[in-house]
Amino acid sequence: MNNPLAAEHSDDTRETPAWSLMVVLTGAACAVLRFGGVWSWWTLLWAPLIAATVGFMIHQWRVLARNHWRMGILEWLMLTVAHLGCLAAMGLILGL
């Protein structure tokens, strides 16, 4: 019996979360915010970086929930660093 839902949840097609892209994006956004300023023409650079970071984070959280929270220690560390970097960037933007 061919069940498309069973094929969708098989181990070989399961996508695993990858937080390294978010670490790079938040690092770039924080660097631009730190060295370029918040409310200047640099907004044209950091605003899309923050938007892309938040979009990728939402996607990776959905993948993580589908993967039943199974990640290695390095992935959990990258998740933490990405979220702390995003919070730091938002703090710089809001002036906190």
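Quick look at the structure, then.

**Description of the overall build of the protein chain**
Per the secondary structure count, the protein chain includes four helices and zero strands. Counting from the amino terminus, the protein chain carries its helices and strands in the arrangement α-α-α-α. When the 96 residues of the protein chain are sorted by exposure, 29% land in the buried category. Excluding contacts between residues fewer than 6 apart, the proportion of contacts in the protein chain whose partners are at least 24 apart in sequence is 73%. Summed over its atoms, the accessible surface of the protein chain is roughly 6,500 Å², and 70% of this surface lies on carbon and sulfur atoms.

**A look at the side chain of Thr26**
Of note, Thr26 is situated in helix H2 (residues 20-36). For Thr26, a relative accessible area of 4% corresponds to the buried category. A polar atom in the side chain of Thr26 sits 3.1 Å from the backbone oxygen of Val23. Discounting chain neighbours no more than four positions away, the residues touching Thr26 are Thr53, Met57, Ala82, Gly85 and Cys86.

**Focus on the packing of H2 against helix H4 (residues 73-94)**
For the pair H2 and H4, interaxial distance at closest approach is 9 Å and the crossing angle is 25 degrees. Put simply, H2 runs roughly parallel to H4. H2 and H4 meet at a crossing whose hand is left-handed. In this structure, H2 contributes Ser20, Met22, Val23, Thr26, Cys30, Leu33 and Arg34 to the contact, and H4 contributes Met78, Val81, Ala82, Gly85, Cys86, Ala88, Ala89, Leu92 and Ile93. Of the residues assigned to the contact of H2 with H4, the class counts are twelve nonpolar, three polar and one charged.

**Topic: the nonpolar core**
The biggest cluster of nonpolar side chains holds eleven residues, and these are Leu25, Ala29, Cys30, Val32, Leu33, Val38, Trp46, Leu49, Ile50, Ala89 and Ile93. Listed by contribution, the elements that provide at least two residues to this core are H2, helix H3 (43-66) and H4. Per element, the largest residue contribution to this core is five residues, and it comes from H2. Each residue touching Ile50, except ones within four places of it in the same chain, is listed here: Ala29, Ala89, Met90 and Ile93.

Analysis parameters
Residues numbered from 1 in each chain as written. Predicted model: local features only at pLDDT ≥ 70, side-chain atom pairs only at ≥ 80, totals over all residues. Heavy atoms only, no water. Helix = DSSP H or I, 4+ residues; strand = E, 2+ residues; numbered from the N terminus. Buried < 20%, exposed > 50% of the residue type's maximum accessible area, 1.4 Å probe, protein only. Contact = heavy atoms within 4.5 Å. Areas by Shrake-Rupley, 256 points an atom, 1.4 Å probe, with all protein chains shown as cover. Polar contact = N/O pair within 3.5 Å; in protein donor to acceptor, adjacent residues only side chain to side chain. Axes fitted to C-alpha atoms, helices over the stretch in contact; angles between N-to-C directions. Parallel < 35°, antiparallel > 145°, perpendicular 65-115°, else oblique. Left-handed = near helix turned anticlockwise from the far one by under 90°. Nonpolar A, V, L, I, M, F, W, Y, C, P; charged D, E, K, R; others polar. Core = buried A, V, L, I, M, F, W, Y, C linked by side-chain atoms within 4.5 Å.

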